[in-house]
Amino acid sequence: MQTLFRSEQGGHEQVVLCQDRRSGLKAVIAIHSTALGPALGGTRFHAYADHSLPEEAATLDALNLARGMSYKNAMAGLEHGGGKAVIIGDPDVLKSEELLLAYGRFISSLGGRYVTACDVGTYVQDMDVVARECRWTTGRSPENGGAGDSSVLTSFGVFQGMRASAQRLWGAPTLRGRTVGVAGVGKVGRLLVDLLIEDGAEVVVTDVRGESVDRVRASHPQVTVAASTEALIRTEGLDVYAPCALGGALDDATVPVLTAKAVCGAANNQLAHPGVEKDLADRGILYAPDYVVNAGGVIQVADELNGFDFARAKEKATKIYDTTLEIFERAAGDGVPPAVAADRIAEQRMAAARG
Ligand SMILES: NC(=O)c1ccc[n+]([C@@H]2O[C@H](COP(=O)([O-])OP(=O)(O)OC[C@H]3O[C@@H](n4cnc5c(N)ncnc54)[C@H](O)[C@@H]3O)[C@@H](O)[C@H]2O)c1
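Residues numbered from 1 in each chain as written. Predicted model: local features only at pLDDT ≥ 70, side-chain atom pairs only at ≥ 80, totals over all residues. Heavy atoms only, no water.

Chemist: Just to check I follow, could you spell out the overall build of the chain for this structure?
Modeler: A count of helices and strands for the chain gives 14 helices and twelve strands. For the chain, the C-alpha radius of gyration of 20 Å lies close to 20 Å, the compact-globule estimate for 355 residues. With the principal axes as the frame, the chain shows a C-alpha extent of 55 × 45 × 45 Å. Within the chain, the fraction of its 355 residues that count as buried is 52%. Considering only intrachain contacts with a sequence separation of at least 6, the fraction spanning at least 24 residues in the chain is 64%. With the model as given, the accessible surface of the chain reaches about 15400 Å², and the carbon-plus-sulfur share is 49%. Between the mean site of the 35 positive side-chain charges and the mean site of the 44 negative ones, the chain shows a separation of 3 Å. (Helix = DSSP H or I, 4+ residues; strand = E, 2+ residues; numbered from the N terminus. Rg over C-alpha atoms; globule rule 2.2 N^0.38 Å. Buried < 20%, exposed > 50% of the residue type's maximum accessible area, 1.4 Å probe, protein only. Contact = heavy atoms within 4.5 Å. Areas by Shrake-Rupley, 256 points an atom, 1.4 Å probe, with all protein chains shown as cover. Lys, Arg positive; Asp, Glu negative; His and termini not counted. Charge placed at Lys NZ, Arg CZ, Asp CG, Glu CD.)

Take a look at the structure:
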């Protein structure tokens, strides 16, 4: 596990391996940084079944995800560092009340250095169970003092990032009269379409699940449907592409054929590999960094720790507009792509907090 101690690959503060034989719990909790405050990040529940060493794959995943949370939280202006946890196993087989309670006790043993939330494979009702053993739990249901579904402010934050992109490209913070392609109309994408239509945009959507598309079309019959993501990104006249499905949406195959002038979406880890941010910039495509514009969800859950107040959290998520503009300005000033500028600003914030 050499990566842990190499600062250029992470420089994490702490990694905890947890095992509870009774419930079958095996988990990794990775704390990247507490410079800005307690590490905050969700719990992924995943089997890593296609890896020969699932424990190692899970640990690497936790390390990478925790590091990403440090940057996301710093750019969101939160008083939180970055952390992430992974429970190893198939959630459909292994998840039980006993396991989640044992997991909560492990987080509690860290005394508040790590605050958890939902991620892939964990849900609001799971966090309600974890919270019975651990006060450092967010992403709970409203009945249990939580913020509930985080996609509300995630979509709102992406919309703010898109408004900032429009301001930078066309001189006005609106998508009115622009054509926006949304790939993936699940929880976040669907709400983003609502905001775009309200703002006066033309919207094209695509999704591998027919029912997701039907749901959007039922509310907004004027929305156009593309047959696939490949078709959507080639649509003539597309102004903005919003990847809202899986990671890796921007790669060597997609970037050369994008017709959009801007990319701004909710999906995590949109850049498939280092260098894609430069390919976008070379084509004159404005990229709003994913972890900046999709921070509305973490802003929402962080607010739970102070007794959830939707209006307060929304006000904070509104600032994603200013942050995105600041990144574009820094990128232009430093002569680097926006993704590099965002990393620089986040690193400066963490360094300043360390003193
Ligand atoms: N929910 C949040 O608060 C939040 C916060 C930050 C980031 N994100 C990220 O945003 C993205 C969307 O999250 P979500 O909560 O809406 O998930 P979701 O599962 O509700 O929706 C994803 C949608 O994408 C569709 N999809 C999957 N593969 C596709 C493909 N190849 N082409 C087109 N559509 C495809 C799915 O059918 C589904 O409708 C994810 O990458 C997630 O990690 C979500």
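Still to come is the rest of the account.
Chemist: Looking at this structure, I do not really get the environment of Asn 294. What am I missing?
Modeler: Structurally, the position occupied by Asn 294 is in the loop between helix H10 (290-293) and helix H11 (296-303). Here Asn 294 falls in the buried class, since its relative accessible area comes to 5%. Each C-alpha atom, one on Asn 294 and one on Ala 317, is 9.5 Å from the other, the two residues being 23 residues apart in sequence. Beyond its immediate sequence surroundings of up to four residues, Asn 294 is in contact with Lys 72, Thr 154, Val 158, Ala 266, Ala 267 and Asn 268. At a separation of 2.9 Å, a polar atom in the side chain of Asn 294 contacts the side chain of Asn 268. (Polar contact = N/O pair within 3.5 Å; in protein donor to acceptor, adjacent residues only side chain to side chain.)

Chemist: Any chance you could explain the packing of helix H5 (residues 151-170) against H11 here in plain terms?
Modeler: Relative orientation of the contacting elements H5 and H11 amounts to 135°, with a least axis distance of 6 Å. As the angle between them shows, H5 and H11 are arranged oblique. As H5 runs across H11, the sense of the crossing is right-handed. Judged by residue contacts, Val 152, Leu 153 and Thr 154 of H5 engage Gly 296, Gly 297 and Gln 300 from H11. A class-by-class count of the residues in the contact of H5 with H11 yields two nonpolar, four polar and no charged. (Axes fitted to C-alpha atoms, helices over the stretch in contact; angles between N-to-C directions. Parallel < 35°, antiparallel > 145°, perpendicular 65-115°, else oblique. Left-handed = near helix turned anticlockwise from the far one by under 90°. Nonpolar A, V, L, I, M, F, W, Y, C, P; charged D, E, K, R; others polar.)

Chemist: When you look at the side chain of Thr 154 in this model, what are you seeing that I'm missing?
Modeler: Tracing the backbone through its elements, the reader meets Thr 154 in helix H5. Polar contacts involving the side chain of Thr 154 include one to the main-chain amide nitrogen of Gly 297, which spans 3.1 Å. Setting aside its immediate chain neighbours within four residues, Thr 154 contacts Val 188, Ala 266, Val 293, Asn 294, Gly 296 and Gly 297.

Chemist: Looking at this model, I keep getting lost on unusual backbone geometry. Mind explaining?
Modeler: Trans peptide bonds make up the majority, and among non-glycine residues the majority have a negative phi. Located in the positive-phi region is Tyr 48, a residue other than glycine, with phi close to 50°. Mapped onto the fold, Tyr 48 is located in the loop between strand S4 (43-46) and helix H1 (54-75). Phi angles above zero are rare outside glycine, and Asn 269 is one such case at about 50°. Relative to the assigned elements, Asn 269 resides in the loop between strand S11 (262-263) and helix H9 (276-282).

Chemist: Any chance you could explain the site of the ligand here in plain terms?
Modeler: Taken together, 20 residues lie around the ligand, and Ser 150, Thr 154, Val 188, Asp 207 and Ala 245 are the ones closest in. Here an oxygen atom of the ligand sits 3.2 Å away from a polar atom, N or O, in the side chain of Ser 212. Contact distances for the ligand include 3.3 Å between an oxygen atom and a backbone N or O atom of Ala 266. Grouping the amino acids of the shell around the ligand by side-chain chemistry returns eight nonpolar, nine polar and three charged. (Near = heavy atom within 4 Å.)

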